[in-house]
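Fold and contact review
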Amino acid sequence: MSIRIKELTESFTKMLKGKTAIVTGSTSGIGLGIARALAEAGCNVMLNGFGEPEAIESERAQIENQFGVQAIFDPADLAKPAAIVQMIETATSEFGKVDIVVNNAGVQYTAPIENFPAERWDAIIAINLSANFHAIRAVLPQMRSRNWGRIINIASTHGLVASVEKAAYVAAKHGVLGLTKVVALETATTDITCNAICPGWVLTPLVERQVKERASREKISIDQAKQELLSEKQPSHEFATPQQIGSLAVFLCSEAASQIRGAALPVDGAWTAQ
Ligand code: NAD
């Protein structure tokens, strides 16, 4: 009896056994949380992003050892379309196929629009929006050939609403939601789904930089800056976590989510309910 329960629990928790995923920007923050959640569900994963080689290797090895899946790393710079295509090809040859793509890599820069450096605009549009297009374009043919796929774009509450001094980021994230809807429509009669997750504040290196800037600008402590950031936008007054975003990504890969298509799912402590 207990063996049967163990088998059942295992088959549920290893729901994605045999599947393979690429998670872009997964050397840190939300992407790493998603890669770990997919691996915990039994999925082989390709990590991608920047960072210290030893730290990346340590995360990669930990995923393999902890979850018993294959984990590989590709250093593609997502500002470069050819590198994205190459990354998909590498994952396909290493794993035999790519079933799931999570377009997560993203960067931020804040400044009033009159002072917004044009090269920062170009980089944010390239990494936060165009990279998703290039990855989806490259991976869809093989997903169609097997009639199964999951494409998850990590957008933001800033795909739904705006904030000052984030022209490029808000424009890119609104664009990601538009792209998500088009891909969902073009794949609507297949077993390929495309959705977006819209996190509110999640305490990752990307947000820690904004917390530090605020603390030094307003001459307040890091803790006070965190509280201000939250109380200004996120009614729960709590950060969402990379683990929570990872769990939602796993759910979107499940059979139960197969009719969730073209959605923008907020995980934002009611930020966009206001
Ligand atoms: P992070 O800075 O912790 O991680 C970003 C990841 O992207 C890192 O792995 C980094 O190496 C990688 N990356 C950056 N530029 C790259 C490039 N050119 N090529 C390849 N990889 C690159 O940030 P995060 O907070 O985990 O953000 C992840 C995603 O979540 C982003 O798309 C971000 O816009 C989105 N998001 C974050 C929050 C938040 O509060 N942290 C909220 C909403 C949306």
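Each value, and the rule that gives it
- Residues numbered from 1 in each chain as written.
- Predicted model: local features only at pLDDT ≥ 70, side-chain atom pairs only at ≥ 80, totals over all residues.
- Heavy atoms only, no water.
- Core = buried A, V, L, I, M, F, W, Y, C linked by side-chain atoms within 4.5 Å.
- Buried < 20%, exposed > 50% of the residue type's maximum accessible area, 1.4 Å probe, protein only.
- Helix = DSSP H or I, 4+ residues; strand = E, 2+ residues; numbered from the N terminus.
- Contact = heavy atoms within 4.5 Å.
- Near = heavy atom within 4 Å.
- Polar contact = N/O pair within 3.5 Å; in protein donor to acceptor, adjacent residues only side chain to side chain.
- Areas by Shrake-Rupley, 256 points an atom, 1.4 Å probe, with all protein chains shown as cover.
- Nonpolar A, V, L, I, M, F, W, Y, C, P; charged D, E, K, R; others polar.
- Domains from an automatic or database assignment.
- Buried area = accessible area lost by both parts, 1.4 Å probe.
- Salt bridge = Lys/Arg side-chain N within 4 Å of Asp/Glu carboxyl O.

**As for the nonpolar core**
One finds Ile 34, Leu 38, Ile 63 and Ile 197 to be the most contacted residues of the largest nonpolar core, which totals 34 residues. Counting only elements with at least two residues in this core, the list comes to strand E1 (20–23), helix H2 (29–40), strand E2 (44–48), helix H3 (53–67), strand E4 (100–103), strand E5 (149–154) and helix H9 (242–252). Top element by residues in this core is H2. It accounts for seven residues. Filtering out sequence-adjacent residues up to four positions away, Ile 34 remains in contact with Val 23, Val 102, Asn 104, Ile 154, Pro 242, Ile 245, Gly 246 and Ala 249.

**Digging into the site of the ligand**
Ser 28, Asn 104, Tyr 169, Val 202 and Thr 204 are the nearest of the 32 residues found near the ligand. One of the backbone N or O atoms of Gly 25 is found 3.2 Å from an oxygen atom in the ligand. Ile 30 is positioned such that a nitrogen or oxygen atom in its backbone is 2.8 Å from an oxygen atom of the ligand. Look at the ligand: alone it shows 820 Å² of surface, and the protein chains cover 94% of it. Sorting the residues of the shell around the ligand by element identifies H2, helix H6 (167–186) and helix H7 (205–218) as the ones contributing at least two each. At four residues, the largest contribution of residues to the shell around the ligand is made by H7. For the shell around the ligand, a count of residues per class yields 17 nonpolar, twelve polar and three charged.

**Side note on the domain arrangement of the chain**
Often the size quoted for an interface is simply the accessible area lost on bringing the parts together. Domain annotation of the chain identifies domain 1 (2–201 + 241–273) and domain 2 (203–239). Measuring from the centre of the C-alpha atoms in domain 1 to the corresponding centre in domain 2 gives 25 Å. Each partner contributes to the interface: domain 1 provides 18 residues, whereas domain 2 provides 14 residues. Summing both partners gives a buried area of about 1,200 Å² for domain 1 against domain 2, and 60% of it is carried by carbon and sulfur.

**As for the pattern of salt bridges**
All told, the structure shown has nine salt bridges when counted by the stated rule. With a shortest N-O distance of 3.5 Å, Arg 214 and Glu 218 are connected by a salt bridge. In this pair, Arg 214 and Glu 218 both sit in helix H7, four residues apart, roughly one turn of the helix. Close ionic contact of Glu 218 with Arg 217 constitutes a salt bridge, the shortest N to O distance being 4.0 Å. In the salt-bridge network here, residues are joined through shared partners; they are Arg 214, Arg 217, Glu 218, Glu 228 and Glu 232.

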